[in-house]
Amino acid sequence: QVQLVESGGGLVQAGGSLRLSCAASGSIFSINTMGWYRQAPGKQRELVATITSGGSTNYADSVKGRFAISRDNAKKTVYLTMNSLKPEDTAGYYCNTDRVITDRGYVYDYWGQGTQVTVSS
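Residues numbered from 1 in each chain as written. Predicted model: local features only at pLDDT ≥ 70, side-chain atom pairs only at ≥ 80, totals over all residues. Heavy atoms only, no water.

A. Fine view of the pairing of strand S3 (residues 18–25). Of the pairings in the sheet, the one linking strand S1 (residues 3–7) to S3 comprises 5 bridges and is antiparallel in character. By the bridge assignment, Leu4 is partnered in S3 with Ala24. Relative to strand S9 (residues 77–82), S3 runs antiparallel, the two sharing 6 bridges. Considered in S9, the bridge of Ser21 is made with Tyr79. (Pairing = 2+ DSSP bridges. Helix = DSSP H or I, 4+ residues; strand = E, 2+ residues; numbered from the N terminus.)

What follows is the structure in C-alpha cells.
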C-alpha cells in the first residue's frame, strides 16, 4: 500500500519561509511526477508546482520566483520551499503523484492527507 505523508506546515508571518516535505512509503519501484496542490476555504484545489522524475518543474504563476519544488528520488520525497509568503498563500497543501509503480502494479493519482499553512499579515 502506498502512503504519502506531508509535514512542515505551520503558522508563519508574512514574508517568512516554510519548507514542506512529502515522503512516499510502501513497496514502491518508481514514482512519476510529484506535485503540490493547495486548497483554501471555499476555493477549488489548485496546482502549486510539479516536478517530473527527471527533474523538470512547473509552477503556478502566483508562486513563481517565491516557491521552489525539488525531490530526492532515493528518499522518495518531494519538497516545497516557500519564501516571501503572503496571507493569500494560506491553505491546506496536498502532495500528489500521478503514477506510482508498486509490487502490486500501478497506482494512479494518489494524494496525501495534507498539511496546513497559515500566513498571518
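B. Highlighting unusual backbone geometry. Phi at Lys76 takes a positive value of approximately 55°, unusual for a residue other than glycine. Positionally, Lys76 belongs in the loop between strand S8 (67–72) and S9. Accessibility expressed as a relative area gives 27% for Lys76, which makes it partly exposed. (Buried < 20%, exposed > 50% of the residue type's maximum accessible area, 1.4 Å probe, protein only.)

C. Focus on the nonpolar core. In terms of nonpolar packing, the biggest core is built from 29 residues, with Trp36, Leu80, Met82 and Tyr93 touching the most fellow members. Counting only elements with at least two residues in this core, the list comes to S3, strand S4 (28–31), strand S5 (34–39), strand S6 (46–51), S8, S9, strand S10 (91–102) and strand S12 (115–120). Setting aside residues up to four positions removed in sequence, Met82 forms contacts with Gly16, Ser17, Leu18, Leu20, Arg66, Phe67, Tyr93 and Val117. (Core = buried A, V, L, I, M, F, W, Y, C linked by side-chain atoms within 4.5 Å. Contact = heavy atoms within 4.5 Å.)

D. View of the pattern of salt bridges. Taken as a whole, this structure holds 4 salt bridges when the rule is applied. For Glu46, the salt bridge goes to Arg38, with nearest N and O atoms at 2.7 Å. With a relative accessible area of 37%, Glu46 lands in the partly exposed category. Between Arg38 and Asp89 there is a salt bridge; the shortest N-O distance is 2.9 Å. Of the two residues, Arg38 sits in strand S5 while Asp89 sits in the loop between S9 and S10, which places them 51 residues apart along the sequence. With a relative accessible area of 5%, Arg38 lands in the buried category. (Salt bridge = Lys/Arg side-chain N within 4 Å of Asp/Glu carboxyl O.)

E. The packing of aromatic side chains, seen in detail. Within this structure, the stated rule accounts for 2 aromatic pairs. Pairing Tyr37 with Trp111 gives two aromatic rings, centres 5.1 Å apart and planes at 65°, and the pair type is edge-to-face. In this pair, Tyr37 is assigned in strand S5 and Trp111 in strand S11 (residues 105–111), connecting sequence segments 74 residues apart. With a centroid separation of 5.9 Å and an interplanar angle of 10°, the aromatic rings of Tyr106 and Tyr108 are classed as stacked. Lying across the ring of Tyr79, Arg19 places its NZ or CZ 4.1 Å from the centre. (Phe/Tyr/Trp six-rings, centres within 6.5 Å; stacked < 30°, edge-to-face > 60°. Lys NZ or Arg CZ within 6 Å of the ring centre and 35° of its normal.)

F. Looking closely at the state of the cysteines. Summed over the entire model, instances satisfying the criterion amount to 1 disulfide. Note that Cys22 is cross-linked by a disulfide to Cys95, the S-S spacing being 2.1 Å. Disulfide Cys22 to Cys95: torsion about the S-S bond roughly -80°, handedness left-handed. Here Cys95 lies in strand S10 and Cys22 lies in strand S3, a separation of 73 residues in the sequence. Cys95 shares its class with Cys22; the two are buried. (Disulfide = S-S within 2.5 Å.)

Read these as spatial facts, not as claims about activity.
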